[in-house]
Amino acid sequence: MITSDATIACEQWSFCFDFEAASGDLRRIIAYFSRNRDIPVGEIGHPDATPIIVTGMSRSGKSLVEKLLCLHPSVAPRGETGILQYLVNDLRAALGGDDYPALLDDTDGSFCTVLARDYIQQLRADRLEQAHITDTHPINANYIGLVRRCLPAAPALRRRSTW
């Protein structure tokens, strides 16, 4: 049996990225939030504009964008926090489902306020006092629809590499 270098690498690191599964998840997320645009932005959620979500793949320039934003005295860097992913995992556990974002159908608007409050509280865990705090985790791209719904005033930037 011939073993490819990729198979050996996956076995050594015990982690393999499943491109097809990730693509399917992303298509499902996009379809969900495209269908569910009937909820006007700002009618539910938290009005806080603290987080600045910067998304993009690794090596795309997210860190540079974060550094440029943080030149402004009202912006503090947090880097790749992963907080949104943890909060969504908590939501999955609380609702007893794994089908994000379809599990949001079983919630009312109050979950957005709670999720937003918890997210902002965790962003500020390092006692950052600036008006805005960045979050640059690549997985945040999967949660932009949720951010738009729960934190409608929070800016979100996507950095794409040109190479």
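Refer to the structure printed above.
Values in this document were obtained by computation on a predicted structure and should not be read as measured data. (Residues numbered from 1 in each chain as written. Predicted model: local features only at pLDDT ≥ 70, side-chain atom pairs only at ≥ 80, totals over all residues. Heavy atoms only, no water.)

Moving on, we get to the sheet that holds strand β4 (residues 156-158). A sheet is described by the order of its strands in space; here four strands give the open sequence β2-β3-β1-β4, paired in parallel fashion. Strands at the two margins of the open sheet, each flanked by one partner only, are β2 (75-76) and β4. Pairing geometry for strand β1 (residues 51-55) and β4, over three bridges, is parallel. Pairing of Val 54 across the sheet is with Leu 157, part of β4. Packed onto the sheet, helix α3 (residues 62-69) meets β1, β2, β3 (132-135) and β4 and runs at close to 150° relative to β1. (Pairing = 2+ DSSP bridges. Helix = DSSP H or I, 4+ residues; strand = E, 2+ residues; numbered from the N terminus. Contact = heavy atoms within 4.5 Å. Axes fitted to C-alpha atoms, helices over the stretch in contact; angles between N-to-C directions.)

Each neighbour pair has its own omega, and for Tyr 100 with Pro 101 the value is 5°, a cis peptide bond. Among the secondary structure elements, Pro 101 is positioned in the loop between α4 (83-95) and α5 (110-123). Of note, the phi angle at Arg 127 is positive, near 60°, even though the residue is not glycine. Among the secondary structure elements, Arg 127 is positioned in the loop between α5 and β3.

Our focus in this paragraph is a nonpolar patch on the surface. Judged by side-chain polarity, Leu 64, Leu 68 and Leu 71 come together as a nonpolar surface patch covering roughly 350 Å² of accessible area. Tracing the chain through its elements places Leu 64 in helix α3. (Patch = residues over 30% accessible without salt bridge, like charges linked within 9 Å, V, L, I, M, F, W, Y side chains within 5 Å. Areas by Shrake-Rupley, 256 points an atom, 1.4 Å probe, with all protein chains shown as cover. Salt bridge = Lys/Arg side-chain N within 4 Å of Asp/Glu carboxyl O.)

A word on the side chain of Lys 62. Structurally, the position occupied by Lys 62 is in helix α3. Here Lys 62 is in contact with Val 54, Thr 55, Gly 56, Met 57, Glu 80, Thr 136, Pro 138 and Arg 159, once residues within four sequence places are set aside.

What follows covers the packing of aromatic side chains. Evaluation of the coordinates by the stated rule reveals two aromatic pairs. Residues Tyr 32 and Phe 33 carry aromatic rings whose centres are separated by 5.0 Å and whose planes lie at 85° to one another, so their mutual orientation is edge-to-face. Given the relative accessible area of 12%, Phe 33 is considered buried. (Phe/Tyr/Trp six-rings, centres within 6.5 Å; stacked < 30°, edge-to-face > 60°. Buried < 20%, exposed > 50% of the residue type's maximum accessible area, 1.4 Å probe, protein only.)

Turning our eyes to something else, we now look at the environment of Ser 58. Relative to the elements of secondary structure, Ser 58 occurs in the loop between β1 and α3. With a relative accessible area of 52%, Ser 58 lands in the exposed category. When the C-alpha positions of Ser 58 and His 137 are compared, they lie 9.2 Å apart, and in sequence the two are 79 residues distant.

The subject of this paragraph is the pattern of salt bridges. Summed over the entire model, instances satisfying the criterion amount to five salt bridges. The partner of Asp 99 in a salt bridge is Arg 28, and the shortest N-O contact between them spans 3.1 Å. With Asp 99 in the loop between α4 and α5 and Arg 28 in helix α2 (residues 19-35), this residue pair connects regions lying 71 residues apart in the sequence. In this structure Asp 99 comes out as partly exposed when scored by relative accessible area, which is 40%. Take Arg 28: its relative accessible area is 33%, and that puts it in the partly exposed class. Between Glu 80 and Lys 62 there is a salt bridge, and its shortest N-O distance comes to 3.6 Å. On the criterion of sequence distance, the pair formed by Glu 80 in the loop between β2 and α4 and Lys 62 in helix α3 is long-range, its members being 18 residues apart. Here Glu 80 falls in the partly exposed class, since its relative accessible area comes to 47%. A single salt-bridge network, built from bridges that share partners, covers Asp 25, Arg 28 and Asp 99.

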